[in-house]
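# What the coordinates show
As a plain string of letters, each chain reads:
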Amino acid sequence: MSEQTNGGGAAGRGIPDKPGLEGLEAAWSAWWEAEGTYAFDRGAPRGQVFAIDTPPPTVSGSLHIGHVFSYTHTDTVARFHRMRGKAVFYPMGWDDNGLPTERRVQNHFGVRCDPHLPYDPDFVPPSEPPKQPVAVSRPNFVALCHQLTAQDEQVFERLWRTLGLSVDWSQTYATIAERAQRVSQRGFLRLARRGQVYQRTAPTLWDVDFRTAVSQAELEDRERPGAYHRLRFPRVGAPGGVEIETTRPELLPACVALVAHPDDERFRPLFGTEVTTPLFGVRVPVVAHELADPEKGSGIAMICTFGDTTDVVWWRELGLTTRTVVGRDGRLLPVEWGAAGWETETPDRAATAYADLVGRTVVQAQRRIVELLTDSGDLLGEPRPITHPVKFYEKGERPLEIVSSRQWFVETLPLRDRLLARGQELRWHPPYMAHRYRAWVEGLTSDWNISRQRFFGVPFPVWYPVDGAGEADYGAPILADEAALPVDPSTDVPPGYAEAQRGTPGGFVGDPDVMDTWATSSLTPQIAGGWEDDPDLFSRVFPMDLRPQAHEIIRTWLFATVVRSELEHGSLPWTDAAISGWVLDPDRKKMSKSKGDVVTPLPLIETHGADAVRYWAAGGRPGTDTAFDEGQMKVGRRLATKVLNASRFILGRLTDGGGAGAVPPVEAVTAPLDRAMLGRLAVVVDEATTAFEAYDYARALERTEAFFWAFCDDYLELVKSRAYGEGADAGTASARAALAAALSVLLRLLAPILPFVTEEVWSWWRDGSVHAAAWPTPDELGVPPDTVPALDPATDLVLEVAAEVLGRVRRAKTTARRSMRAEVAVLTVVDAAARLDALASAESDLCAAGHVHRLVTHVGDQPSAEVVLAAE
RNA sequence: GGGCGCUUAGCUCAGUUGGUUAGAGCGCAGCCUUCACACGGCUGAGGUCGGAGGUUCGAGUCCUCUAGCGCCCA
C-alpha cells in the first residue's frame, strides 16, 4: 500500500493507508471512458431503455454554475436508472446554431458577414480583431463559426467529464452539424408536404439591428419613456375634428383608420364617417373595435400599419388597407403620394411633408414630424410624457418594428386543443410546471414563424422559380429531394436546373433565409435518436423517457418539441419532463452574466472536488431555485472524505488481511443492534428508490446522508469493539457481516451523487464499476421487501436506546471536560421496561463504546441516566 | 393586470394524507491531540413556523384575507 493510490482503475486492489480525494476525477473519468462504463447498449429493447433528451448547451455562451447545477440533476437520475438495469441513452448535444454564435464570431474575429461576397478559400482571419470589422462571404463566415464552436465544445466536454456526467460520448450531436441540418430540413419538408407549414407575407415582428424576424416566444416587454401627442383629424363632410393621442406620431403617414370602442357614446356618431390625416390629407374611416380602450388617451386611437401588435389585430380583423412606411432597416421608405394605395386630398403637401421624413430612422422622423405638426397647428398642446411597455427582441437593443415580409409559419393555432391534451399527458416534475405550458398554449396568438433572416443556421431546403420577367415566384416553391439532404440552396441547385440558371429569367433562386433556432432544437429527440437515419436506434429510444430543462424555456424549447413530435409522430416526445430551477446568487437574485457575478465552474471543481460540487447541486430540489453556496460544497467534500475513512475502517475489519473476497454473508448478522441498523438502512433504500423514481434526487440524497452520518456517529462507535474482535465468535461475525452489507448498500445509494469517491472505495474491494452494479434492495440487507418500511419496533429500539444512552455518557464526559475515553465507573439508567430490555441486548457494545465498567438499570417512569466517572 | 412559486432558528433548507415538548446542515460557543477520519470527533445555545382571521378536540400542515420576495405572461 502506498499513499498515492487514488483511482487508476485496478479493482479489488486493497485499501490505501491514507485515502484522499485528490485526482479522483481525472483517474476515474479516464477509466470509465476506457471501460465504456456509460456506453449505450444498442441491443437493448425499448422497454429496457431509459432515454434522455439532453439539453444541448449553447456553446458560444459562457460556462456557468447553472449548467453544473441542472446537468448534475439529470446525471444523478441517469445513474439511478443505469443501476436499475436500464440501458441508459444519454447523449450530449451542442447548440452552436444561431445568433449567439454569429455574434461571438463577429466579436472574436472582428468580421462581419456580407452574403454578396464570393467565397475566399484562402481567407485567414486577422490575428487581432480590427476596429473596423472585415467583411467576409457567407461560406467564410460559416467556416469561422464552425472553427470557434469546435473549440467551445471541447471546453464543455472537458467540464462535463470532470464533473462526472455519465454521458455516452459516442452519442453527441451539434445543432449546426450535418445530421441536425438533415433532420431539420427533412422535418420541414414533411411539414410542407403535409401542408402544415405555409409561407405568407404578413406583418412580422422585426428587429432592425439584427435585420431578422422575431417570433412571439422571443419577445419581451421593457418599460420605456414615451409621450402622448394629441393630434387633430378634420372630419370629412362635417364640421369639426377628432382628437386622438398617439405615442408614434411618425407613423401618421401609415395611418389607415381611427378606432374607438363600440360602446363608447362619445364616438358612436362617428363610426362609418371619415376623417383626413393631418399633413398628409389621407381619408381614413372611423371604425369600432372592442380592443380600443376608452380609458387610454382621448379614447380614440389611430391605427397604423404597423405601430404595435394591436394594430395588426385591428388591421386583420377589420380588413383595413396597408400603408407601409417603415423599412427593414428601421428607416422611413420612399412613398409616391397620390399613387394607388397612397391617395390623398393634398398630394403636393403630403409629398413636401414626407420629403422631410424619408430615409430617417423612426426616432429621427418622430422628432421632425412633431416640428411639422407644431408648425401646421395640428399638434395640440405639449406632448405628455408617459412610461409604457414596448416590445423588444429579447436579445435586441432597439424596439421592434412590425414590417411586412415573407416568412414560413408552422401551423400551431389549429393544434391548440391537441397540444393542451399532450401537456396534461406529460408527467411534470414538479407538477406545477404544467401551468406554465398550459398558460402559454392558451395564450398563443399566432402561428409559429420559423424564418430568420440570418446566416449561421439551417437553410430552408427550398428554391423558387424565376419567371421571364426575372421575378421569383414565391407561390411555387421547389422543395428539395429528401435523399439529397442537407442542401444549401445558396450553393446547391434544385432538381432539373443548372447552376448557370441561378437568378436568371426562367431560372431559380434559393430561399435566402435560415430556420429559427427552435425549429432545429425542437427536433433534439429526432436528431439524437437517429430519426430516419438510423431507424433501429430510433425505435429503441423514441419516444424518450425524460426531457430535463429549465423553466424559462418551457414556452420555447419544450413547447416546440411537443409541437414537432405531435405533427410528425402523433405522440409526446417523452413521458416525463424534469424542470430545474435557477442558481441564485447569495442575495437571492438570479445569477446572470450581465451582472458580472457569474461563477465559473471549473475552479470550483478544482477547489472542492467534483463530488462536492455535485453534492451542492443535488441539494437543489427539482424545480426549486437554489442559492449558490460554497459552504455546501465544503460539506459535500467532508461527506466524501467521510466515505473514504469510514470505508477504510470497515474494510480493514472485514479482511483480516484477507483481501477482496472476504465479504461475509448477510445471514451471519445475528446481533439485535446490527439487525436494527440494517432495518433502518432498508427503509432508507426504500425511500431513496421511491424518491429517485419520482426524479427527486435531493430527497434520496437527504435520506441517505442522514442515515450515513448517524451510522458513523453511533453505530460504528457501538459496534467497534465487536468488529475488532478475533472473528471467531458470532458477535464479531455478525458485526462484520452487517458492516459489509451496509457499506455495499451505502456506496451504491451514494453513487449517483458522488460517483468518484464511491467508485474509488468500490475499487478497493469489488470488481467492476459501482455504477454498473445493481441498485440496492432491502432484500440484500436481510429485510424482506414487503416488511419495509414497517420496522420491527422491538429490534429498532435497540439502536435507538443504545445511541441515546451513549449520547448521555458523552454529554457527561463533555460537561466534565474529560476525554471520550474516560472511564465510567457506574452508569445508572432508569427507563421503561421495554427500553431497558432493548438496551440489555446491546449492553456489551454500549459499555465498550462508552468505556463503562458497570451498567445498572432500574425500571421507572422518569427516564434518566446517571454517569459516575472514574477518577482520572 | 393575470398565472405560478416562495416566506419555518443568524444563514441555507426539511417538515409526505392536520396529532405527542417543530427537524437538519452551516455558522456560533464549549470540550476532546480518541488506536477509520484534525479535510476530525463530541456536546450545547438558538425558531412558535411573514401578518390577521377562520375550520377543528387539535394547524407550520386546510380555508379566507393581507404583506413582502421571485419567476413567467399581459
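One can find the structure itself at the top, above this paragraph.
Rules and cut-offs
- Residues numbered from 1 in each chain as written.
- Chains lettered and ligands numbered in written order.
- Predicted model: local features only at pLDDT ≥ 70, side-chain atom pairs only at ≥ 80, totals over all residues.
- Heavy atoms only, no water.
- Near = heavy atom within 4 Å.
- Polar contact = N/O pair within 3.5 Å; in protein donor to acceptor, adjacent residues only side chain to side chain.
- Helix = DSSP H or I, 4+ residues; strand = E, 2+ residues; numbered from the N terminus.
- Nonpolar A, V, L, I, M, F, W, Y, C, P; charged D, E, K, R; others polar.
- Expected span 1.5 Å × (residues − 1).
- Buried < 20%, exposed > 50% of the residue type's maximum accessible area, 1.4 Å probe, protein only.
- Arc of directions from axis to C-beta.
- Contact = heavy atoms within 4.5 Å.
- Pairing = 2+ DSSP bridges.
- Axes fitted to C-alpha atoms, helices over the stretch in contact; angles between N-to-C directions.
- Core = buried A, V, L, I, M, F, W, Y, C linked by side-chain atoms within 4.5 Å.

Neighbouring residues of RNA strand B: 38 residues in total, closest Arg555, Arg638, Asp713, Tyr724 and Arg821. Take the atoms of RNA strand B that sit within 4 Å of the protein: sugar and phosphate atoms are 74% of them. Within the contact set of RNA strand B, a sugar or linking oxygen lies 3.4 Å away from a side-chain nitrogen or oxygen of Arg436. Measuring from a sugar or linking oxygen of RNA strand B, one finds a side-chain N or O atom of Asn645 at 3.1 Å. Every element with two or more residues in the surface near RNA strand B is listed here: α10 (434-442), α17 (630-655), α19 (697-723) and α22 (793-815). The leading source of residues in the surface near RNA strand B is α17, at nine residues. Grouping the constituent residues of the surface near RNA strand B by class yields ten nonpolar, seven polar and 21 charged.

Compared with an ideal rise of 1.5 Å per residue, which puts 15 residues at 21 Å, helix α8 (residues 362-376) spans 20 Å between its outermost C-alpha atoms and is within 8% of the ideal. Considered for burial, the residues of α8 that qualify are Val362, Ala365, Ile369, Val370, Leu372 and Leu373. An end-on view of α8 places all buried positions within 165° of arc, on one side of the element. Residues of α8 that are exposed and angled more than 90 degrees away from the buried face: Val363, Arg367 and Asp375. Lining the buried residues of α8 we find β9 (219-234), α7 (347-355), β15 (379-393) and β16 (401-410). Phi turns positive, to about 80°, at Gly377, one or two residues after α8.

Now for the side chain of Thr689. Its location among the elements puts Thr689 in helix α18 (residues 672-693). With residues up to four places along the chain from it excluded, the contact list for Thr689 reads Phe80, Arg84 and Trp775.

Quick look at the sheet that holds strand β30 (residues 864-869) now. What links the strands of a sheet is backbone hydrogen bonding, and the strands pair in either a parallel or an antiparallel sense. Strand order in this open sheet of three strands is β29-β28-β30, and the pairing throughout is mixed. Unpaired on one side and paired on the other, β29 (852-859) and β30 mark the two borders of the sheet. Each neighbouring strand pair of the sheet contributes to a mean axis angle of 15°, computed without reference to strand direction. As paired elements, strand β28 (residues 824-831) and β30 share six bridges and run antiparallel to each other. For Leu827, the partnering residue across the bridge sits in β30 and is Val867. Sheet strands in contact with α22 are β28 and β30, and its direction is about 45° off that of β30. Its contacts with the sheet place helix α24 (residues 843-850) against β28 and β29, and it is angled at close to 130° to β29.

The next thing to look at is the nonpolar core. Within soluble globular proteins, side chains that are nonpolar tend to cluster in buried spots. Core analysis: the biggest nonpolar cluster contains 127 residues, and Trp160, Phe711, Tyr715 and Leu827 have the highest contact counts within it. Excluding residues that lie within four positions of it along the chain, Phe711 makes contacts with Ile650, Met677, Leu716, Leu739, Ala742 and Leu746. Listed in part, the 62 residues of the second largest apolar core include Ala180, Leu415, Tyr437 and Ile554.

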